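Analysis of the macromolecular model
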Amino acid sequence: MSRKIVLFIAISLDGYIARLDGDISWLDEVEGAGDNGYSEFIESIDTVVMGKKTYDHVLLLTNNQYPYEGKTSYIFTRKEISTSSDLHFTTEDPAALAEKLKLQQGRDIWLVGGSELLDGFMKKNLVDEYIITTAPIILGDGIPLFKTRNSKIKLRLKSSKKYGEFVQNHYVNA
């Protein structure tokens, strides 16, 4: 069986992953439970993929301490950047890399974000599972999780969990 590409992300009730400036501090305003399923999820993956803007934002949030050490990471960028053993900056077509990764042995692949990269993956129908944790807060504006002009994708609800005030829905392709 091939590896799956899994989106694991939090959104506001009105569908935003961040404010327009990238701020996600609103997530701290919501009472969760434990780590809201993060530890269990992170054990199920060995590879992360993200866009360069998301990578830069992750470093900003973690005082330049990359939080996914020990996981193979692919950062999609428009410019060539040198890579290290587990951290690969790539200009490769995301769909081509995703197909290669899915054929390799290993655990699942986490599509961290952002919405631009997700949009490209969705347009090629490369996302196998969506784990979306909804915070009970309406932002009114921000960076939407889903872009427009995607084909219809039929999903099936695999599970739903409550973590304090957060609700996590796990969807798989139907």
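Heads up: these notes are all about the structure in this document.

Calculation rules
Residues numbered from 1 in each chain as written. Predicted model: local features only at pLDDT ≥ 70, side-chain atom pairs only at ≥ 80, totals over all residues. Heavy atoms only, no water. Salt bridge = Lys/Arg side-chain N within 4 Å of Asp/Glu carboxyl O. Helix = DSSP H or I, 4+ residues; strand = E, 2+ residues; numbered from the N terminus. Buried < 20%, exposed > 50% of the residue type's maximum accessible area, 1.4 Å probe, protein only. Phe/Tyr/Trp six-rings, centres within 6.5 Å; stacked < 30°, edge-to-face > 60°. 1 Å grid on protein atoms, 1.4 Å probe; cavity = no way out; pocket = protein on both sides within 12 Å on 5 of 7 lines; lining within 4 Å. Points joined across faces, edges and corners; volume = space filled by probe spheres on them. Pairing = 2+ DSSP bridges. Core = buried A, V, L, I, M, F, W, Y, C linked by side-chain atoms within 4.5 Å. Contact = heavy atoms within 4.5 Å.

**Quick notes on the pattern of salt bridges**
- What the rule picks out here adds up to 10 salt bridges.
- A salt bridge links Asp108 to Lys4; the shortest N-O distance between them is 3.5 Å. Taken as a pair, Asp108 in strand E6 (residues 108-113) and Lys4 in the segment before strand E1 (5-12) lie far apart in primary sequence, 104 residues in all.
- Asp108 gets classed as buried once you look at its relative accessible area, which sits at 16%.
- Look at Lys4 and you get partly exposed, because its relative accessible area is 23%.
- The partner of Lys52 in a salt bridge is Asp56, with the nearest N and O atoms 2.8 Å apart. Of this pair, Lys52 and Asp56 both sit in helix H2 (residues 52-61), separated by four residues, roughly a single helical turn.

**Examining helix H4 (residues 115-123)**
- For H4, the full list of buried residues reads Ser115, Leu117, Leu118, Asp119, Phe121 and Met122.
- A positive phi of about 55 degrees marks Asn125, the residue just after H4.

**Overview of the packing of aromatic side chains**
- The final tally for this structure, using the stated rule, is 10 aromatic pairs.
- Both rings, one in Tyr38 and one in Trp110, keep their centres 6.2 Å apart while their planes meet at 65 degrees; by these two values the pair is edge-to-face. With Tyr38 in helix H1 (residues 38-43) and Trp110 in strand E6, the pair connects residues that are 72 residues apart, well separated along the chain.
- Classification of Trp110 by relative accessible area gives buried; the value is 4%.
- Ring centres of Tyr130 and Phe146 lie 6.5 Å apart, and the angle between their planes is 55 degrees; this geometry places the pair in the tilted category. Residue Tyr130 is located in strand E7 (residues 129-135), and its partner Phe146 is located in the loop between strand E8 (143-144) and strand E9 (155-163); the two are separated by 16 residues in the primary sequence.
- Each residue in the set Phe8, Tyr38, Phe41, Tyr55, Tyr66, Tyr68, Phe89 and Trp110 is aromatic and connected to the rest through ring pairs, giving one cluster.

**Describing the layout of surface pockets**
- Approximately 1600 Å³ is the volume attributed to the largest pocket.
- Along its surface, the largest pocket is lined by 44 residues, and Ile9, Thr54, Val58, Val112 and Gly113 are the ones closest to its centre.
- Going through the elements one at a time, E1, strand E2 (16-18), H2, E6, H4 and strand E10 (166-173) are the ones with two or more residues in the lining of the largest pocket.
- For the lining of the largest pocket, the element with the most residues is H2, which contributes six residues.

**Focus: the pairing of E9**
- Two elements, E9 and E10, share eight bridges in a ladder whose sense is antiparallel. Bridge pairing in E10 places Ser159 opposite His170.

**Topic: the nonpolar core**
- Core analysis: the largest hydrophobic core is formed by 24 residues, its most contacted members being Leu7, Val49, Leu111, Phe121, Val127 and Leu145.
- Of all the elements in the fold, those that place two or more residues in this core are E1, E2, strand E4 (72-76), helix H3 (94-103), E6, H4 and E7.
- Apart from the residues within four sequence positions on either side, Val49 is in contact with Tyr74, Phe76, Leu101, Ile109, Trp110, Leu111, Val112, Gly113, Leu117 and Phe121.
- Among the nonpolar cores identified, the runner-up in size contains 18 residues, and Phe8, Phe41, Ile45 and Val58 belong to it.

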